[in-house]
Amino acid sequence: MQNYIVKNPKKKLTWNFSEVPPLLKWEGVHTVCEESACPNRAECSSMQTATFLIGGKYCTRNCAFCLIENGRPVPMEQIILTEKMEILKAVFDLNLKFAVITSVTRDDDPANLALHFREISQSLRHMNIGVELLIPDFKADRENLKIIGDGQPDVIAHNLETIERLSQKIRPQASYKKSLEVLQYYRGQYPKMLLKTGFMVGLGETLPEIMQLMKDIFNAGADILTVGQYLQPGKTQVQVEKFYTEQEFENLKNMAHEMGIKNVQSGYFTRSSYNAAAYATRINPGETR
Ligand code: SF4
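Residues numbered from 1 in each chain as written. Predicted model: local features only at pLDDT ≥ 70, side-chain atom pairs only at ≥ 80, totals over all residues. Heavy atoms only, no water.

(A) Quick look at the pairing of strand β7 (residues 263–267). For β7, a buried count of 5 out of 5 residues is recorded, marking the element as mostly surrounded by other parts of the structure. Strand direction decides the pairing type here: strand β6 (residues 224–229) and β7, joined by 5 bridges, are parallel. In the sheet register, Ile-224 faces β7, and the bridge partner there is Asn-263. Since β6 and β7 lie parallel, the crossover through helix α9 (residues 246–259) that links them has a hand, and here it is right-handed. (Buried < 20%, exposed > 50% of the residue type's maximum accessible area, 1.4 Å probe, protein only. Helix = DSSP H or I, 4+ residues; strand = E, 2+ residues; numbered from the N terminus. Pairing = 2+ DSSP bridges. Right-handed = clockwise from strand over helix to strand, strands pointing away.)

The structure is reproduced here in structure tokens:
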């Protein structure tokens, strides 16, 4: 999952955050939008979309780019009901049309996290709300991936985050190959579901390595790709190696198109869930590539 605090040193933000509606400040609900101070949150909230974080506050992993705290999480059974009810209430009260549900990684209890994703997705679908599930890798365990897929979200997303060479450094407890397996599984088993992935640039990758990553993403069957600038969220996270220009992001988008990935969002501020609703309603799986 991509979770950043964005303090952009290069570009002036165009939104006045003090005017952001209280949508994302709902008490008791953790939104990635608010907690990561995402630069796109005003735009997303105007489109009645928000990203919710489930699985508690602490992650069992320790990715080098991520701001979420590593720690011993609260047992899943203690949080499942509360989190679900809070999200459903927020979605209803705030009249959201589309919700992205993402989570910390719970290697201590992946089965219950998978069930949690499924339950929330099913409930939102019953409320006629569009759903994207942005999931951790679940170590590519087919049983847990199936549980989640059976929640019938509009979009299933899992991020590669970076090129293969840097994966070990950036996501030490994850694996590039397992992440590809996750995408391949959903493409194979749920052909009608939109499949999405994303990665960051600015971590020290080279252009040929990005090309290989895009090739792997295309071969895994992803419908949608997001590419954004990595921004160091705190002192303990890895440093930015390079800031990409607007032209370079445009070049990456064209490169992905040439590889056959038609739905690409590439830009300095592009984040995994940016414009999620617009894409989910516009694209038909299988017709995109
Ligand atoms: S798995 Fe990594 S990226 Fe995802 S929440 Fe945990 S530390 Fe952050």
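(B) The pattern of salt bridges, seen in detail. Tallied over the full model, the rule gives 12 salt bridges. With its nearest N and O atoms 3.0 Å apart, the salt bridge here joins Arg-61 to Asp-137. A residue pair is termed long-range when its members are at least 10 positions apart, and Arg-61 in the loop between β1 (49–54) and α3 (76–93) and Asp-137 in the loop between β3 (130–134) and α5 (142–149) qualify at 76 residues. The burial state of Arg-61 is the same as that of Asp-137; both residues are buried. A salt bridge links Lys-242 to Glu-248; the shortest N-O distance between them is 2.7 Å. Under the relative-accessibility criterion, Glu-248 is labelled partly exposed at 24%. Put simply, Arg-61, Asp-107 and Asp-137 are held in one network by salt bridges that share partners. (Salt bridge = Lys/Arg side-chain N within 4 Å of Asp/Glu carboxyl O.)

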